[in-house]
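# An overview of the molecular structure
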Amino acid sequence: MSYIDIKVDVHGVFDRYYMSRDEEKQNSGNGHRHHEVMFRKKFFISTVLSIPVLLYSSFIQGLLNFSMPTFTGSSLIVPVFSVIVFAYGGLPFLRMGKNELEGREPGMMALISLAIFVAFTYSMASLFLSGTSSFFWELVTLIDVMLLGHWIEMRSVRKASGALEELKKLMPDTAERITEGETEEVKVSELEAADCSNRESACSSNPEECCEGDKVLVRPGDSIPADGEVFEGESSVDESMITGESKPVDKSEGDEVIGGTVNKEGSLRIEITATGEETALSGIMNLVEEAQESESRSQKLADRAAGHLFYIALGSGLVTGIVWTLAVGFGLTVIERVVTVLVIACPHALGLAVPLVVAINTSMAAKNGILVRDRIAMEEARKLDTVIFDKTGTLTDGEQSVVDMEAENRDEALKKMAAAESDSEHVIAQAIREKAHEEGLEIPDSSNFDSISGKGVRAEVEAREVYVGGPNMLEHLGVEKKFGDFADKSGEEGYTVVYVVEGDEVTAAVALADKIRDESREAVEELQGRGLEVAMLTGDSEDVAESVAGELGIDTCFAEVLPEDKDSKVQEIQDEGKEVAMVGDGVNDAPALTRADVGIAIGSGTDVAVESADIILVRNDPLAVVRLLNLSDLNYSKMIQNLFWATGYNALAIPLAAGVAAPIGIMLSPAVGAGIMSLSTVIVAINAQLMRRKSIEA
């Protein structure tokens, strides 16, 4: 997912400098490109116009020991071309500075404007005052360097977010819709999705009411036009742009596919299940946009620092002017010192330091199937002490299958279990229904279905009340437990045991297995290798939980925990003073995800509306948690490095600009100050881009 349409914070940071608020609203979609082109054009034109100023500057001629031919009016070359450069190249900075002052939020643009305005005003005045010398060449080079720095910055910012905008292009404009055995080319926007919210119950009672969406043919090499389900054909699909999975994923009848992914080999016939805003791709894009609207702590720190630095710059300029005036009297030297201080103090690099890292961080996260809804959570992830995993569907595949059963009447018990579970979408219910179908059993009708949270289900089957659930259900009903030996043996094997209760009697026990993911072992080892404690939460019995925990090497295990009690287990660990992450499926684990310092929903690539999680992992891969922590570490280190470059240079250069080293002959001119300032912004931009070279793989 390297091409998400992302609305990065950098956009807002820079747009408030480059345009009025009305213009900002109108141009929010293409501001980066517009500004890059504008600054590039102004830089080249201003640089060409600056050449005559430099060639005819007496200082430059004396420095390089050459002279230019003189003619009538040649004395006007320097001021005239300087005025043109000031009006053309300096205008954007003046307008941005004006916007800041009008908004009562003075910052870096106000500083640049002040420096340019003071330099221009003094130079123009020097034309009419004897005993003074202008520094028009410093003015034009200052503007040129500022334009160059802004062009480079805009180019960097545009590259950081521009690649993500390409995700829109992944969705094709047209599709081949299948109609009566033939195909017709239609716009993707015309496709209709199936409304299958009650498909199973509708089909069982009235087949005519079965929902159907449009069916499309996807040929090899074509992009899948919308989310859907394969009803014919076999192929492999490249889902890397959505899930971060580098290897193509095999697809066959019954498998789900995601709009925007690319069919690789065979032809697929797909029934559309979601279009437009309902697709996974659209949901992912909305989540990323939401993430960018959350302001990080580092960004707040940088914004505050920039605001403080504005006042520090003004104070430093004032003190510099007073001290130098007292020392040498008011004149060119004083103005030069004040202007240099204002240029050096410009916090332009500081304004870029955090937003650019955030943009690249979000892009890298997206490429690795990590969707960040709350950037503070991304920053806090590096501080974690404990990671708690939900077991089912997170550390395990979440696909249960019946492996053993003990009952007074096996077939009757299995039929009633399947009937009672007919309206449930739980993985255990699906496994039981599949087993009944495999056995060729005729499942009777059921009614008055009720789901009992954390315990099981109840329904009326053949005029009898039937309950299906685990040990918590037996405790809830207060019935005597049976099939103890079977349950103990199954527990030792790590199986889940579910009971059937008719009336007040347990009539059957079923053992189901849930396979541990291959990635889970490596994920636990990697996390423990980082010094983190790994814990597991599950509603399963102690035996099942301990079996899984033992196989994975997890020391802390909470078993037989109801969904509504999971958050209390998170709180229990937090009360020990630990920073806790909760990793779950984002549905049953919602309270725990909300309670945790960092809530991580795993395996939600096609169900992206997870409101309780801070971070969403598109793939069902526990190793993505390790990648998340690695990215959090990288994000933090780059932010610190950039803040160091942005503020460290100010701390060193402002005193030099003020003239503290003048007694030993070290003086910084405005042009040199501008060069140093722009160099720091370029360093910050390059340092942020170097993030892309770092691997976050486990």
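Model, not experiment: these values are computed from the prediction. (Residues numbered from 1 in each chain as written. Predicted model: local features only at pLDDT ≥ 70, side-chain atom pairs only at ≥ 80, totals over all residues. Heavy atoms only, no water.)

## Describing the overall build of the chain
The test is simple: In this text, helices come from DSSP runs of H or I with a minimum length of four residues, and strands from runs of E with a minimum of two, each type numbered from the N-terminal end. When checking whether two residues touch, look at their non-hydrogen atoms; a contact exists if any pair is within 4.5 Å. Method for areas: the Shrake-Rupley scheme with a 1.4 Å probe, in which residue coverage is limited to the protein chains shown.
Counting its secondary structure elements, the chain contains 26 helices and 22 strands. In the chain, the proportion of contacts linking residues at least 24 apart, taken out of those at least 6 apart, comes to 70%. A total of about 30,900 Å² of accessible surface is found on the chain, and carbon and sulfur atoms cover 50% of it.

## Comments concerning the packing of helix H17 (residues 410-420) against helix H18 (residues 427-438)
Our working definition: Think of each axis as a best-fit line through the C-alpha atoms, taken over the contacting stretch in the case of a helix, with angles from 0 to 180 degrees between the N-to-C directions. Orientation is classified from the angle alone, with under 35 degrees giving roughly parallel, over 145 giving roughly antiparallel, 65 to 115 giving roughly perpendicular, and any other angle giving oblique. Here a crossing is taken to be left-handed if its near helix is turned anticlockwise relative to the far helix by less than a right angle, and right-handed if that turn runs clockwise. For this classification, the nonpolar set comprises Ala, Val, Leu, Ile, Met, Phe, Trp, Tyr, Cys and Pro, the charged set comprises Asp, Glu, Lys and Arg, and every other residue, Gly included, is treated as polar.
Packing of H17 against H18 leaves a shortest axis separation of 9 Å and a crossing angle of 135 degrees. Between H17 and H18, the angle falls in the class oblique. Note on packing geometry: the crossing formed by H17 with H18 is left-handed. For the pair formed by H17 and H18, the contact residues are Arg410, Leu414, Met417 and Ala418 on the first element and Ile432, Arg433, Lys435 and Ala436 on the second. Each residue belonging to the contact of H17 with H18 can be placed in one class, and the counts come to 5 nonpolar, no polar and 3 charged.

## As for a negative patch on the surface
What counts, and what does not: In this analysis, a patch consists of residues with relative accessible area above 30% that form no salt bridge, clustered at 9 Å for like charges and at 5 Å for the nonpolar side chains Val, Leu, Ile, Met, Phe, Trp and Tyr. Note on definitions: salt bridges are taken to be side-chain nitrogens of Lys or Arg within 4 Å of carboxyl oxygens of Asp or Glu. His is not counted here, nor are the chain ends, while Lys and Arg score as positive and Asp and Glu score as negative. To locate a charge, take NZ of a lysine, CZ of an arginine, CG of an aspartate or CD of a glutamate.
A surface patch of negative charge is lined by Asp404, Glu406, Glu475, Asp485, Asp488, Glu492, Glu493, Glu542, Asp543, Glu546 and Glu560. Listed by contribution, the elements that provide at least two residues to the negative patch are strand E12 (401-407), helix H20 (484-492) and helix H22 (542-552). Within the secondary structure, Asp404 is located in strand E12.

## A look at the confidence of the model for the chain
Cut-off, in case you're wondering: In predicted models, pLDDT denotes the confidence assigned by the predictor to each residue on a 0 to 100 scale.
In the predicted model, the chain carries a mean pLDDT of 79, and the fraction of residues at 70 or more is 80%. Counting interchain partners and residues more than four positions distant, the pLDDT-below-50 stretch residues 199-209 has 8 contacts.

## Considering the side chain of Glu502
Let me state the cut-off plainly: Partly exposed describes any residue whose relative accessible area lies between the buried limit of under 20% and the exposed limit of over 50%, with all areas from a 1.4 Å probe on protein chains only and scaled to the type maximum.
Among the secondary structure elements, Glu502 is positioned in strand E16 (residues 496-502). Owing to a relative accessible area of 8%, Glu502 belongs among the buried residues under this scheme. In contact with Glu502, not counting residues within four places along its chain, are Lys416, Arg464, Glu465, Val466 and Thr507.

## Observations concerning the side chain of Asp567
Relative to the assigned elements, Asp567 resides in helix H23 (residues 566-574). Beyond its immediate stretch of four places on either side in the chain, Asp567 contacts Pro591, Ala592 and Arg595.

## Focus on empty space enclosed by the protein
Just so we agree on the cut-off: Using protein atoms alone on a 1 Å grid, points that fit a 1.4 Å probe yet trap it form a cavity, whereas open point sets bounded by protein on both sides within 12 Å along at least five of seven lines form a pocket; residues with an atom within 4 Å of a point count as lining. Grid points are joined across faces, edges and corners, and a volume is the space filled by probe spheres set on the points.
Throughout the structure, instances matching the rule amount to 2 cavities of 30 Å³ or more. Forming the walls of the largest cavity are 10 residues, and the residues nearest its centre are Val358, Asn361, Thr362, Arg375 and Met378. Of the residues belonging to the lining of the largest cavity, the class tally is 4 nonpolar, 4 polar and 2 charged.

## Points about the sheet that holds strand E14 (residues 456-461)
Whether parallel or antiparallel, the strands of a sheet pair through hydrogen bonds between backbone atoms. Note the cut-off: Note on pairing: DSSP must find at least two bridges between two strands before they are called paired.
Spatially, 6 strands are ordered E12-E17-E16-E15-E14-E13 in an open sheet, and the strand pairing comes out antiparallel. The open sheet has two edge strands, E12 and strand E13 (446-452), and neither has a second partner. Taken pair by pair, the neighbouring strands of this sheet meet at an average axis angle of 20 degrees, ignoring direction. Where E13 meets E14, 5 bridges bridge the pair, whose relative direction is antiparallel. Directly across from Ser446, in E14, lies its bridge partner Val461. With respect to the sheet, H17 is in contact with E12, E13, E14, strand E15 (464-469), E16 and strand E17 (505-513), its orientation differing from that of E12 by roughly 125 degrees.

## Re the sheet that holds strand E4 (residues 227-232)
Here we have 6 strands laid out as an open sheet, ordered E2-E1-E3-E9-E4-E7, and antiparallel in their pairing. The open sheet is flanked by strand E2 (182-187) and strand E7 (256-257), the only strands paired with a single partner. Two elements, E4 and E7, share 2 bridges in a ladder whose sense is antiparallel. Within E7, the position partnered with Gly228 by the bridge is Val257.

## Focus on the pattern of salt bridges
Pairing is possible between side chains that carry opposite charge, provided their charged atoms lie close to one another. With the rule as written, the count across this model stands at 22 salt bridges. Of the charged contacts in the structure, one is a salt bridge between Arg177 and Glu184, with a shortest N-O distance of 3.1 Å. The exposure class of Arg177 is buried, given its relative accessible area of 16%. Note that Lys578 and Glu533 form a salt bridge whose closest N and O atoms lie 2.7 Å from each other. Of this pair, Lys578 sits in the loop between H23 and strand E20 (580-584) while Glu533 sits in strand E18 (residues 533-537); the two residues are 45 residues apart in sequence, bridging distant segments of the chain. The class for Glu533 is partly exposed, based on a relative accessible area of 25%. Among the charged side chains, a salt-bridge network with shared partners connects Arg177, Glu184 and Asp214.

## Focus: unusual backbone geometry
Trans is the prevailing form of peptide bonds, just as negative phi is the prevailing case for residues other than glycine. Of note, the phi angle at Asn65 is positive, near 60 degrees, even though the residue is not glycine. Along the chain, the position of Asn65 falls in the loop between helix H4 (58-64) and helix H5 (77-89). Look at Glu462: it is not a glycine, yet its phi comes out positive at around 50 degrees.

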